[in-house]
Amino acid sequence: MRINMEEGSKRVREQDEWARGVFPAAHERLRKAAAAMPTGTAAQPFVDALSELVQAQADSTGFVVLHHPGAALPAGAPR
């Protein structure tokens, strides 16, 4: 049981480290894409809401906790 808890804790630390490295660049790409979007498009409300959500996350913690996208894929699967 202890080994499982230690392994789970290790995975959480690794995911946090990964998110801290990935989030700033993804946040910047989102900001640029949102700024480049023409106003009045059907996607504008979604873009605005997503931008607000991501900015709130950046303001509160500086990163977002995400599971690594390849974590659930079997070994050797394309990523």
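Look above for the structure.
The following refers to the structure shown. (Residues numbered from 1 in each chain as written. Predicted model: local features only at pLDDT ≥ 70, side-chain atom pairs only at ≥ 80, totals over all residues. Heavy atoms only, no water.)

With 35 residues, helix α1 (residues 2-36) should reach 51 Å at 1.5 Å per residue; the first-to-last C-alpha distance of 50 Å fits that figure. Of all the bends in α1, the greatest, near 35°, is centred on V22, and the proline P24 appears no more than four residues after it. Among the residues of α1, those classed as buried are Q15, A19, F23 and H27. Where α1 is buried, its residues meet α2 (44-60). (Helix = DSSP H or I, 4+ residues; strand = E, 2+ residues; numbered from the N terminus. Expected span 1.5 Å × (residues − 1). Bend = angle between axes of the 7 residues up to and from the residue. Buried < 20%, exposed > 50% of the residue type's maximum accessible area, 1.4 Å probe, protein only. Contact = heavy atoms within 4.5 Å.)

The full count for this structure, using the stated rule, is 2 salt bridges. K10 is the salt-bridge partner of E14, the closest N and O atoms lying 4.0 Å from each other. Of this pair, E14 and K10 both sit in helix α1, 4 residues apart, which is roughly one turn of the helix. Where E28 meets R31, a salt bridge forms, and the shortest distance between an N and an O atom there is 3.2 Å. (Salt bridge = Lys/Arg side-chain N within 4 Å of Asp/Glu carboxyl O.)

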